[in-house]
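The residues making up each chain are set out below.
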Amino acid sequence: MSNHERNKKMLLELLKQPDNSRCADCGAPDPDWASYKLGVFVCLTCSGIHRSLYSRVKSIKLDFWEDEHVEFMKSNGNASAQAMYEKAVPVYYYRPQENDCVVLREQWIRAKYEREEFTGETKYPPLSYTTGMLWKKGKENTQFLKRKFVLSEREFTLTYYNKENESKGPKAVISIKDLNVTFQPEKIGHPHGMQITYQDFDHIRNLYVYHESPEEIVTWYNAIRAARYAYLKTAYPTGSNEELIPKITRNYLKEGYMEKTGPLQKEPFKKRWFILDSQNRKLFYFKGQLDAEELGVIFIGTESNGYSVKECVPKHTRGNKWKCGVRVETPERHFVFMCEQEREQREWLGALRQVLSRPMAPQDYTIEANIRYKR
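Residues numbered from 1 in each chain as written. Predicted model: local features only at pLDDT ≥ 70, side-chain atom pairs only at ≥ 80, totals over all residues. Heavy atoms only, no water.

> I'd love a proper account of the pattern of salt bridges, names of residues and values included.
Applying the stated criterion across every chain, the model contains 22 salt bridges. Among the salt bridges present, the one from Arg115 reaches Glu117, with a minimum N-O distance of 2.6 Å. Overall, Arg115 belongs to the partly exposed group, its relative accessible area being 27%. Relative accessible area serves as the criterion here: at 11%, Glu117 is assigned to the buried category. The partner of Arg250 in a salt bridge is Asp277, with the nearest N and O atoms 2.8 Å apart. Of the two residues, Arg250 sits in the loop between α8 (241-248) and β11 (254-260) while Asp277 sits in strand β12 (residues 270-277), which places them 27 residues apart along the sequence. (Salt bridge = Lys/Arg side-chain N within 4 Å of Asp/Glu carboxyl O. Buried < 20%, exposed > 50% of the residue type's maximum accessible area, 1.4 Å probe, protein only. Helix = DSSP H or I, 4+ residues; strand = E, 2+ residues; numbered from the N terminus.)

What follows is the structure in structure tokens.
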């Protein structure tokens, strides 16, 4: 056996260890790259980020490995690096997964290995990041303008101003109680695009923001998560971290365009942007994907409570261009939506059925009652 083959075999054996069998940074299964500077096994995407940090990376299967680099990998590995570089990650800090956007993954890697924020030597986040400027999309137009934002963990509020002069008062004071924040780079059209959603009287309100600095926008994201976590600890004092952490912020289960008809199912179909919020069991629809407020909301209950989801071919099709139907039945009304492609239809059916199959919690009945009351 050649030296190259022997080293490759040793590396593949190291990958069988549970801690090394997933990417050290995003958790993707079967990583086939490694940083022989840090001694971690990573996936292809994260290896590219490491390379941009001047961290020496190689393919386990394709590159030639020197004996000393293999020995370094043997004496380190993902568990060893995690103990050092993730020693003091705050419980609210978002750990990116394999499908998360680039800015989240890159800043997680930079925070760990380049800035060494989680070794226990520094406190995160710096207080200066509770106030600053973000580019915000106008409510009625597509123009982004710089706006001052102030996050108060003590008062559980996020405030923003239309002008830098605070004497004119804030444009909005947003309660942390019902706030959600999620990265939306593709939808917003900026690699650091972020969507902030909150309850504004009878509607939800969307704010679309970004910052030119990737470090700054991710710090804002985690500062908001810190405030949300502090609120949840106050609202649910007996709640464990295992229960509370999934409630801090969430990505939406499914988003995209579908065509929608009216309650008689004879009205012309109109193209609408839909968001499925699985945590609150709500399917929102908007005129456009960057709208500030929704046109309507549909509660998705369980089959035992009179809800169902199925594919369909509508009898009356006025104005629709798409042919792949989804039928959502609620106790009060049946909704018909049309998808452009069968793949989209399958994804929507799968996402809706995922919510449908989950038992309703006590708070879900309150949400359902509030939606019915508004109608």
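Having seen the structure, we can now continue with the description.
> I'd love a proper account of unusual backbone geometry, names of residues and values included.
Look at Asp30: it is not a glycine, yet its phi comes out positive at around 55°. Under the relative-accessibility criterion, Asp30 is labelled exposed at 66%. You will see that Phe156, though not glycine, has its phi angle at about 55°, which is positive. As for its position among the elements, Phe156 is in the loop between β5 (144-152) and β6 (157-161).

> A description of the confidence of the model for the chain should follow, citing residues and the corresponding values.
The share of residues in the chain with pLDDT of 70 or more is 95%, and the mean pLDDT across the chain is 91. Per-residue pLDDT, averaged within each element of the chain, yields its smallest value for helix α10 (residues 362-374) (82) and its largest for strand β8 (residues 180-183) (98). (pLDDT = per-residue confidence, 0-100.)

> I'd love a proper account of the nonpolar core, names of residues and values included.
Formed by 41 residues in total, the largest nonpolar core has its most connected members in Phe149, Leu151, Leu158, Ile174, Phe183, Met194 and Ile196. Sort the elements by how many residues they give to this core and helix α7 (residues 214-235) lands first, with 12 residues. Aside from chain neighbours lying at most four places away, what touches Ile196 is Leu158, Leu179, Asn180, Val181, Arg205, Asn206, Leu207, Val209 and Ile224. Leu276, Tyr285, Val309 and Val355 belong to the second-largest nonpolar core, a separate cluster that totals 32 residues. (Core = buried A, V, L, I, M, F, W, Y, C linked by side-chain atoms within 4.5 Å. Contact = heavy atoms within 4.5 Å.)

> Tell me about the packing of helix α5 (residues 102-114) against α7, residues and numbers included.
Packed helices, taken two at a time, are described by the angle between their axes plus the distance between the axes. Between α5 and α7, whose axes approach to 10 Å, the crossing angle comes to 95°. Of the possible angle classes, the one that applies to α5 and α7 is roughly perpendicular. On the side of α5, the interface is formed by Val103, Leu104 and Gln107, while α7 contributes Pro214, Glu215, Ile217, Val218 and Tyr221. Of the residues in the contact of α5 with α7, the class split is six nonpolar, one polar and one charged. (Axes fitted to C-alpha atoms, helices over the stretch in contact; angles between N-to-C directions. Parallel < 35°, antiparallel > 145°, perpendicular 65-115°, else oblique. Nonpolar A, V, L, I, M, F, W, Y, C, P; charged D, E, K, R; others polar.)

> I'd love a proper account of the pairing of β5, names of residues and values included.
Looking along a regular strand, one sees side chains alternate from face to face of the sheet. Relative to β5, strand β4 (residues 131-137) is paired through seven bridges, and the arrangement is antiparallel. Across the sheet, residue Trp135 finds its bridge partner in β5, namely Lys146. The hairpin formed by β4 and β5 contains six residues between the paired strands. The pairing of β5 with β6 spans five bridges and is antiparallel. (Pairing = 2+ DSSP bridges.)

> With reference to specific residues and values, describe the packing of aromatic side chains.
Across all of its chains, the model carries 19 aromatic pairs by this definition. On the numbers, 4.9 Å between centres and 70° between planes, the contact of Tyr93 with Phe118 is edge-to-face. Remark: Phe118 occurs in the loop between α5 and β4 and Tyr93 occurs in the loop between α4 (78-85) and α5; sequence separation between them is 25 residues. Look at Tyr257 and Trp273: their rings are 4.9 Å apart centre to centre, the planes differ by 80°, and that puts the pair in the edge-to-face class. Residue Tyr257 is located in strand β11, and its partner Trp273 is located in strand β12; the two are separated by 16 residues in the primary sequence. When its relative accessible area of 26% is taken as the criterion, Tyr257 is described as partly exposed. Here the aromatic residues Phe274, Tyr285, Phe335, Phe337 and Trp348 are joined through ring pairs into a cluster of three or more. Its guanidinium or amino end placed over the ring of Trp65, Lys58 lies 5.6 Å from that ring's centre, counting from NZ or CZ. The positively charged end of Lys271 is found above the aromatic ring belonging to Tyr257, 4.5 Å away from the centroid. (Phe/Tyr/Trp six-rings, centres within 6.5 Å; stacked < 30°, edge-to-face > 60°. Lys NZ or Arg CZ within 6 Å of the ring centre and 35° of its normal.)

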